[in-house]
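If you want the building blocks of each chain, they are given just below.
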Amino acid sequence: MLAFILRRLLQSVGVLLAVGLIAFAMFRFAGDPVNQLVAPDTPYAERLQIRQSLGLDDPVLVQFARYAGNAVRGQFGNSYQFRQPVSTLLAERMPATLELALCATLFALTAGILMGVYSALHRHSAAAKLLQAISLIGVSLPTFLIGILLIFLFSVTLGWLPSYGRGDTVRIGWWTTGFLTVSGWKALILPSITLGLFQMTLIMRLVRAEMLEVLRTDYIRFARARGLTTRSIHFGHALKNTLVPVITVAGLQLGSIIAFSIITETVFQWPGMGLLFVQAVQNVDVPIMAAYLLLVALIFVSINLAVDLLYTIVDPRLRLSVRRAA
Amino acid sequence: MSPVKFRPLLACLAAATALAAGLSAAPASAANTFRFAFQGDLKSLDPYTLKETFTIAAHGAVYESLVTRDKDLKLVPGLAESWETPEPTRYRFRLRKNVKFHDGTPFTADDVIFSAERVRAPGSNFQTNVPADATFVKVDDHTVDMVLKNPNPIALYQFGGWYIMSKAWAEKHDALKPTPVSASTPSYAALHENGTGPFTITEHQPGVRTVFKKFDGYWGKVESNIDEAIFTTIGNDATRVAALLSGEVDWVDPVPLQDQSRVSSSANAVVVNAPELRTIYLGMDQTSDELRGSNVKGKNPFKDVRVREAFFRAIDEDAIVKRVMRGQATPAALLIAPPLFPLAGEFKRPAYDPNKAKALLAEAGYPNGFEVPLDCPNDRYVNDEAICQAITSMLARVGVKVNLIAQPKAKYFAKILKPAYDTSFYLLGWTPSSMDSHNILYEITGCRNDKSSPRGTTNLGNYCNPKVDALADKIERETDQEARNLMIKQAYDIVMADWGYIPLHQQALAWGVSKKVKLVPRADNQMMLYWVSKEQ
């Protein structure tokens, strides 16, 4: 078992290194950062000097070695644009992204499970068919379009909710939160729906399919025969057994919610890490881009690692094969 | 199963809706707050870090300059009450008394001398705003002399972007040196301000939000009735427009062309258009022996003045303004915007004439045209790529096959600017930062032949005429305004006769402004907070 974990850990490190190298090499083609930093009539000598002080004249391999060396020590360099350590910038933006991801996941879970259960229990009703149709829209419309539509409806036409930003935030230590203010809550609604919609559809369809499956099983039939109430059968017995795969999927999706919040954050000008990344791409701010990609890779790698380990704990058959392999 | 079960969900939804509606009815705060959003960030509060229009304007709310520009861009007194030139190489500034910095320290001649040194120190992006050869001499606490080596009629022209900082404050916070764009740590001055202006900055989160508050100790009278102004970046075009339409922000820049009519027909906001100073133009490589990416080998068609004229004649600028720019541009005859040159009215744009263009090409030995790539940015100027596409099809009509290379500015500028100069034919926009023709005659039309001189750094195609250079040198020193204007006219006449460049148009600034707000659209695209008033 220990050997298995060690091997998986080593693999994870390899993945991170590869991501770092590929990302770093690609950014060399993103353009020239210096021209993004200065005015158009900045003298050439000044540009040269900036280029040198940023270390852009060194060969790519030297730059990467320097970068990787720093990264291992937890230093990701300074943003060209903001002149601040990238780690500080990411840490400042992280609460926004995490709170948004959390709300989006909660929304996806609650709405997805409710809608899934409903459409499984009343699968021939008009409402269930409507929900199915809505869920199709949810998967097929691109995120930015959904965001813009929501903004148009709830901000421009109805004037209920803000179209951008995080509202007022409260600082608790190094963490800023929008959970403690009214405007913070209002600002969370539209982006959470936009970001969570795809996952919600996924969960709804999963719950519906699983629930239908479970409802056909023998123990439900026996439960009915024993004269239990419908409510207790549906929610006490059926739903509980439906939720196992749902939780697995939701856990796995959390990584992608964080990583793919880029689009939602751009549409809603949500001051999180994804927006920081998009701005960095436009300005060729290589240190931010590299650190963000590494962070996302780290999130995915850790989640996958955790899932792998959990599976071996949960499923005895896997444990056996692991032992044999080791 | 009865539908009764679904009721709690519905009730929940109804409650949420009611809650949202109730929340939005909450009263606005009592202070008069002006909210504004720009597509880019306010990256540094150090006024010498970045010479960029929006940044300069935002800093202008908290910092002030000796000489400033009024609503028509005329030079007017700022922190200097008045100035005179007792001799051609000496400017004497009489400084305003009773001016206080935001931290309470009084403003004196020492601060001017300190700022003059700081702005020209390495790392400042504003080095050219103060003449390099100038020395500043303190006469008394409220009088400063600027002594020059040569007479310089435009010495004051760029003072508007040179804001005065407090010496004592900089010493106290270890901010004596300007924060360079390549700085690895944020200096105190990059995150805090201490100006003399009508507003102070109370909160600054780089890239997210900046809060301005009225400064009660301001020396002058302020037109604005704003107590507080909140700046946010909104990068996404659609979101920016939505925020304006929903009344969440009072000013946005820019409003994309395709959204302008929608904004103007809305209940809350209008689009304010005014001609901008930037001139969009095309340049051609006129010195290489062979064009890059052309099918003409062994020679350079652009060396032939007839080919350059043919290109000029083949472009229907009126159609570009009408179709591509939707009327939000003014055709240009010169490389300088008319408000910046009194004799601009004497120049006419040569007429669109595709037949003559064809004849000229045939005369020059290209009866069937030739092939040339056109370098073009796609995220820098208003509809830049669409302009280039239009030009491509217009040139196709006279037989020239243009291969359009459109790319993001980050790649574009690396390709075409010094040192690569990797372009045969390109589109660029230019605003002379001095607001004077000399800048153009030096940077854009100046010969690049002398490698040791920065002359012509932005003359990417190396258009070269020694007569223009000779005139530019005289224009730099001539203090007689009329004679100087005549020389400038002469220089532009030569450039036009050479068909050295193809000016296209001045794009229009496009601000989205709430109907509750009154402000001043200045042609340099700077929105000054102290001219903003808002109905509550």
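Residues numbered from 1 in each chain as written. Chains lettered and ligands numbered in written order. Predicted model: local features only at pLDDT ≥ 70, side-chain atom pairs only at ≥ 80, totals over all residues. Heavy atoms only, no water.

1. Points about the overall build of chain B
Along its length, chain B carries 15 helices and 19 strands. In terms of overall size, chain B behaves like a compact globule, its C-alpha atoms giving a radius of gyration of 26 Å where 536 residues would be expected to give roughly 24 Å. Burial statistics for chain B: of 536 residues in total, 58% are counted as buried. The contacts of chain B with a sequence gap of at least 6 include a subset with a gap of at least 24, amounting to 69%. Counting only carbon and sulfur atoms, one obtains 52% of the accessible surface of chain B, whose full area is about 21500 Å². (Helix = DSSP H or I, 4+ residues; strand = E, 2+ residues; numbered from the N terminus. Rg over C-alpha atoms; globule rule 2.2 N^0.38 Å. Buried < 20%, exposed > 50% of the residue type's maximum accessible area, 1.4 Å probe, protein only. Contact = heavy atoms within 4.5 Å. Areas by Shrake-Rupley, 256 points an atom, 1.4 Å probe, with all protein chains shown as cover.)

2. Looking at the packing of helix α1 (residues 2-27) of chain A against helix α4 (residues 60-72) of chain A
Residue and element names in this part refer to chain A. Taken N-terminus to C-terminus, the directions of α1 and α4 make an angle of 140°; their axes are 11 Å apart at the nearest point. One finds that α1 runs oblique with respect to α4. The interaxial crossing formed by α1 with α4 has right-handed handedness. In this structure, α1 contributes L17, G20, L21 and F24 to the contact, and α4 contributes V60, Q63, F64 and Y67. Split by residue class, the contact of α1 with α4 holds six nonpolar, two polar and no charged. (Axes fitted to C-alpha atoms, helices over the stretch in contact; angles between N-to-C directions. Parallel < 35°, antiparallel > 145°, perpendicular 65-115°, else oblique. Left-handed = near helix turned anticlockwise from the far one by under 90°. Nonpolar A, V, L, I, M, F, W, Y, C, P; charged D, E, K, R; others polar.)

3. A few points about the state of the cysteines
All names here are of chain B. Applying the stated criterion across every chain, the model contains two disulfides over all chains. Disulfide pairing is shown between C376 and C388; the S-S distance is 2.1 Å. Between C376 and C388 the sulfur-sulfur dihedral comes to about 90°; the bridge is accordingly right-handed. On the criterion of sequence distance, the pair formed by C376 in strand β14 (residues 371-377) and C388 in helix α11 (residues 384-397) is long-range, its members being twelve residues apart. Assigned by exposure class, C376 and C388 land together as buried. (Disulfide = S-S within 2.5 Å.)

4. Regarding the interface of chain A and chain B
Each partner contributes residues to the interface: chain A has 51 residues there, and chain B has 56 residues. Counting the surface lost from both chain A and chain B, the interface buries some 4500 Å², and carbon and sulfur atoms represent 59% of this. Together, Y44(A), R83(A) and Y164(A) form the three largest contributors to the area buried by chain A at its contact with chain B, with a combined 17%. The interface formed by chain A and chain B holds zero salt bridges in total. The interface formed by chain A and chain B holds five residue pairs in polar contact (both at pLDDT 80 or more) in total. Going through the elements one at a time, α2 (33-37), α3 (44-53), α5 (86-121), α7 (143-157), α8 (182-215), α10 (230-259) and α11 (261-267) of chain A are the ones with two or more residues in the side of chain A that touches chain B. Residue classes in the side of chain A that touches chain B are distributed as 26 nonpolar, 18 polar and seven charged. (Buried area = accessible area lost by both parts, 1.4 Å probe. Salt bridge = Lys/Arg side-chain N within 4 Å of Asp/Glu carboxyl O. Polar contact = N/O pair within 3.5 Å; in protein donor to acceptor, adjacent residues only side chain to side chain.)

5. Regarding the UniProt feature "transmembrane region" (unreviewed entry) in chain A
Here the UniProt feature "transmembrane region" (unreviewed entry) sits at residues 12-30, 98-121, 133-160, 172-198, 243-268 and 288-314 of chain A. Between the C-alpha atoms that bound residues 98-121 of chain A there is a distance of 34 Å. The span itself is 100% helix and 0% strand. (UniProt positions renumbered as here; feature names shortened; annotations may be inferred.)

6. Examining a nonpolar patch on the surface
Residues and elements named next belong to chain A. A cluster of nonpolar side chains, contributed by I137, L141, F144, L145, L149 and I263, occupies part of the molecular surface with about 500 Å² of accessible area. When residues of the nonpolar patch are assigned to their parent elements, the largest contribution, three residues, is made by α7. Summarising the element assignment, F144 is placed in helix α7. (Patch = residues over 30% accessible without salt bridge, like charges linked within 9 Å, V, L, I, M, F, W, Y side chains within 5 Å.)

7. Focus on the side chain of Q63(A)
Residues and elements named next belong to chain A. As for its position among the elements, Q63 is in helix α4. Within the structure, the side chain of Q63 is placed 2.8 Å from the backbone oxygen of D58, a separation counted as a polar contact. Beyond its immediate sequence surroundings of up to four residues, Q63 is in contact with F24, R28, G55, L56, D57 and D58.

8. Some details on the side chain of R240(B)
All names here are of chain B. Among the structural elements, R240 can be located in helix α6 (residues 237-245). We classify R240 as buried; its relative accessible area is 0%. Apart from residues lying up to four places away in sequence, R240 is in contact with A37, F38, Q39, I234, G235, V252, D253 and P254.

9. A short note on the domain arrangement of chain B
Residues and elements named next belong to chain B. You can read the domains of chain B as domain 1 (33-250 + 516-534) and domain 2 (277-508). Distance between the C-alpha centres of domain 1 and domain 2: 33 Å. Facing the twelve residues of domain 1 at the interface are 13 residues of domain 2. The contact between domain 1 and domain 2 buries some 1100 Å² in all, and 61% of this surface belongs to carbon and sulfur atoms. For the domain 1 face of the interface with domain 2, the top three residues by lost area are P153, I154 and Y157, together amounting to 42%. Our enumeration of links across domain 1 and domain 2 arrives at zero salt bridges. Residues belonging to the side of domain 1 that touches domain 2 are distributed by class as follows: six nonpolar, three polar and three charged. (Domains from an automatic or database assignment.)

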